[in-house]
Amino acid sequence: MKEETQSEVTRRKFLVKIGLGLGGLAAALVAIPVVGALLAPLLKKNRQTWRTVGLANDFANGTTTLVKFENADPTSYAGITAKSAACLRRDGEQQFTAFSVNCSHLGCPVRWEAGSALFMCPCHGGIYYKDGTVAAGPPPKELTRYQVRISSGKVQILTAPLPLTTINA
């Protein structure tokens, strides 16, 4: 059996240390964004903002209209993703209801079908009644509702950073 010299053992130890160091560095580089993504919701405050979507007189009684607005907490690099929309229905003189346009199943955009008075999701056939409750298909829960108010004759929706999961009224 050949006896190892001091230089061979040192080289082996050196290479092991280099391998462990590079492996640790790679693990740290992978862990930083994962930990950041897990902690981000805890560090961010639930910022909600009232957004004006139009004048109350612009919406006819009994109609549902698609309204567009900017999310409550858009980042400077968000671009088009900072924009969102809701289906706003006027139920009375001072009464409005707003629903998220995202299906509760997988988030696909729903559309309002005035003729049948239903919200329909094109992705997997989800159907909602005009009050947002599930009529058919795979959606597990009703459409998310926004809080709505009228301030100085303007209709405003209480928006939140996406995803909309806890705004149901």
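Residues numbered from 1 in each chain as written. Predicted model: local features only at pLDDT ≥ 70, side-chain atom pairs only at ≥ 80, totals over all residues. Heavy atoms only, no water.

Q: It is not clear to me how the sheet that holds strand S2 (residues 64-70) should be interpreted in this structure. Could you clarify?
A: Sheets are built from strands that pair by backbone hydrogen bonding, the pairs being arranged parallel or antiparallel. Read across the sheet, four strands follow the order S2-S3-S4-S9 without closing on themselves; strand pairing throughout is antiparallel. Every other strand in the sheet has two partners, leaving S2 and strand S9 (145-146) as the edge strands with one partner each. Where strand S3 (residues 83-90) lies against strand S4 (residues 96-100), five bridges are found, and the strand directions are antiparallel. Its bridge partner lying in S4, Arg-89 is registered against Thr-97. (Pairing = 2+ DSSP bridges. Helix = DSSP H or I, 4+ residues; strand = E, 2+ residues; numbered from the N terminus.)

Q: Can you help me understand the environment of Ser-104 in this one?
A: Tracing the sequence through the fold places Ser-104 in the loop between S4 and strand S5 (111-113). By relative accessible area, which is 17% here, Ser-104 ends up buried. A sequence separation of 30 residues divides Ser-104 from Val-134, and the C-alpha atoms of the two residues are 9.5 Å apart. A polar contact of 2.5 Å, which involves the side chain of Ser-104, links it to the backbone oxygen of Lys-141. (Buried < 20%, exposed > 50% of the residue type's maximum accessible area, 1.4 Å probe, protein only. Polar contact = N/O pair within 3.5 Å; in protein donor to acceptor, adjacent residues only side chain to side chain.)

Q: Would you take a moment to explain the pattern of salt bridges for this structure?
A: Once their charged atoms are close, side chains differing in charge can pair, the charge on each being opposite to the other. One pass over the structure, following the stated rule, counts four salt bridges. Linking Glu-70 and Arg-51 is a salt bridge whose minimum nitrogen-to-oxygen distance equals 3.8 Å. You can see Glu-70 sitting in strand S2 and its partner Arg-51 sitting in strand S1 (residues 49-55), a full 19 residues away along the chain. With a relative accessible area of 32%, Glu-70 lands in the partly exposed category. Across the pair Glu-113 and Arg-111 runs a salt bridge, and its minimum N-O distance is 2.6 Å. Residue Glu-113 is classed as partly exposed on the basis of its relative accessible area of 27%. According to the relative accessible area criterion, Arg-111 is partly exposed, its value standing at 41%. (Salt bridge = Lys/Arg side-chain N within 4 Å of Asp/Glu carboxyl O.)

Q: Help me out: how do you make sense of the nonpolar core in this one?
A: Nonpolar side chains in soluble globular proteins generally cluster together in the buried interior. Formed by Val-53, Ala-56, Phe-59, Val-67, Phe-69, Ala-86, Leu-88, Phe-96, Ala-98, Tyr-146, Val-155 and Ile-157, the largest nonpolar core amounts to 12 residues. Elements that contribute at least two residues to this core include exactly S2, S3, S4 and strand S11 (154-159). In contact with Phe-96, not counting residues within four places along its chain, are Ala-56, Phe-59, Leu-88, Arg-89, Arg-90, Asp-91, Val-148, Ile-150 and Val-155. Counting residues in each nonpolar core, the second largest holds 11 residues, with Ala-85, Cys-103, Cys-108 and Leu-143 among its members. (Core = buried A, V, L, I, M, F, W, Y, C linked by side-chain atoms within 4.5 Å. Contact = heavy atoms within 4.5 Å.)

Q: How should the sheet that holds strand S7 (residues 127-129) be read in this particular structure?
A: Reading across from one edge, S5-S6-S7-S8 is the order of the four strands in this open sheet, with antiparallel pairing throughout. If you trace the sheet from one side to the other, it starts and ends with S5 and strand S8 (134-136), each paired once. Averaged over all pairs of adjacent strands, the angle between their axes in this sheet comes to 35 degrees, without regard to strand direction. Bridge count between strand S6 (residues 118-120) and S7: three bridges; the pairing is antiparallel. Looking at S7, one finds that Phe-119 is bridged to Tyr-128. (Axes fitted to C-alpha atoms, helices over the stretch in contact; angles between N-to-C directions.)

Q: How should I be thinking about unusual backbone geometry in this particular structure?
A: One can expect most non-glycine residues to show negative phi and most peptide bonds to be in trans. With a phi close to 55 degrees, Ala-117 is a non-glycine residue in the positive phi region. Its location among the elements puts Ala-117 in the loop between S5 and S6. Phi at Ser-152 takes a positive value of approximately 55 degrees, unusual for a residue other than glycine.

Q: Explanation requested: the pairing of S4 in the structure shown.
A: The side chains of a regular strand alternate, first on one face of the sheet and then on the other. For S4, a buried count of five out of five residues is recorded, marking the element as mostly surrounded by other parts of the structure. Burial along S4 is two-sided: Phe-96, Ala-98 and Ser-100 facing one way and Thr-97 and Phe-99 facing the other are all buried. Counted between consecutive antiparallel strands, the loop separating S3 from S4 contains five residues. Where S4 lies against S9, two bridges are found, and the strand directions are antiparallel. Looking at S9, one finds that Ala-98 is bridged to Tyr-146.

Honestly, that's just the spatial picture; any functional story needs more than this.
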